Amino acid sequence: MAHEVLEVLQPHRELIGQAAGLLTVSQYLAGWFICAEIRRRGTTAGFSPLRFVGGCGLSLLQLQYSLKLQASALIWTSIATLLCSVFFSSWYFRFTPVDVRVPFYRLAVTTSTITAGILAYGSQNDSPLVMFRLGLVLTVLALAFIALPLAQLGNVIREKSSASLPLPAILASTGASILWLVYGLLIDNSFIVVQKIIALALCAAQLSLFIVYPAAGSADKKKKQ
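The rules behind the values
- Each chain carries its own residue numbering, running from 1 in the direction its sequence is written.
- Whole-chain, interface and lining totals are the exception, using all residues; otherwise, since this is a predicted model, local features are given only for residues with pLDDT of at least 70 and side-chain atom pairs are given and counted only at 80 or more.
- Working from all heavy atoms in the structure, the side-chain values ignore hydrogens and water.
- For helices the rule is a DSSP run of H or I covering at least 4 residues; for strands it is a run of E covering at least 2, with both sets numbered from the N terminus onward.
- Throughout, a contact is declared for two residues whenever any of their heavy atoms are within 4.5 Å.
- A helix is expected to span 1.5 Å for every residue after the first.
- Cysteine sulfur atoms that pair up within 2.5 Å are treated as a disulfide.
- Only protein chains enter the accessibility calculation, which uses a 1.4 Å probe; a residue is then buried when its area is under 20% of its type maximum, exposed when over 50%, and partly exposed in between.
- The charged-residue count follows a simple rule in which Lys and Arg add positive charge and Asp and Glu add negative charge, with His and chain termini not counted at all.
- Salt bridge criterion: a side-chain nitrogen from Lys or Arg within 4 Å of a carboxyl oxygen from Asp or Glu.

Caption draft 1: Broad picture of the side chain of Ser59. Note that Ser59 resides in helix H4 (residues 50–69). Beyond its immediate chain neighbours, meaning those up to four positions away, Ser59 contacts Tyr28, Ser78, Thr81, Leu82 and Ser85.

Laid out in structure tokens, this is it:
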């Protein structure tokens, strides 16, 4: 049954990839809400640059891997997310006071060094071993990126509210993961398939928090106080 469905979808492979790419880019664009809040406050205090700086490194690595696969949907998606990440990182840097920029510099240097090392390794050739290792590294990094909202888990449980979680980004990530899973099956790439199955589990865990700890819970609690 599944095989028959994939055969039917095969002619629409690139369209599915493009739709998945649009959702992935929208997930990155959710970072604009953070940038808008940073601008409103006039400072980056309380905000981590990891999503932005890490996004630059991850997008570069995904671009290299996509070029090796010669998958157009993955290529343009990687370019778009890279541009978003560079813009958001620049925005973060601009609003970070000069005297507290050291952590940003440290993260940027660390990310650049690791990314450059992986890119150098990947540029050797397109052998199955190199592709396997690149796919493995990308899977780990991509899942870590998707799981970033879970860093707020302690705050969510403490406040008994999911208000601090980026629902639009999580929904976009869920939709993108479903489409990339189908795309991975269509191009027969096991790394994309495994990565997106785990990603869906992470998204489900994050979405469940909105049911267990409704965002309205915190507001109601404050009204009672």
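Caption draft 2: Fine view of unusual backbone geometry. Phi at Lys160 takes a positive value of approximately 55°, unusual for a residue other than glycine. Its place among the elements puts Lys160 in the loop between helix H8 (153–159) and helix H9 (167–186).

Caption draft 3: Region of interest: the environment of Pro149. Position of Pro149 relative to the elements: it lies in the loop between helix H7 (128–146) and H8. The spacing of Pro149 and Gly184 is 35 residues in sequence and 25 Å in space, taken between C-alpha atoms.

Caption draft 4: Quick look at H9. An ideal rise of 1.5 Å per residue puts 28 Å on 20 residues; H9 measures up with 29 Å between its terminal C-alpha atoms. Downstream of H9 by one or two residues, Asp188 has phi in the positive range, about 60°.

Caption draft 5: Layout of the state of the cysteines. Taken as a whole and assessed by the stated rule, the structure comprises zero disulfides. With no disulfide of its own, Cys35 has Cys84 as its nearest cysteine by sulfur position, at a separation of 10 Å. Here Cys84 falls in the buried class, since its relative accessible area comes to 12%.

Caption draft 6: Highlighting the side chain of Arg51. By the element assignment, Arg51 lies in helix H4. No salt bridge is formed by the buried Arg51. Its closest oppositely charged neighbour is Glu37, at 15 Å. Discounting residues that sit within four places of it in the chain, Arg51 has contacts with Ile34, Phe145, Leu148 and Pro149.

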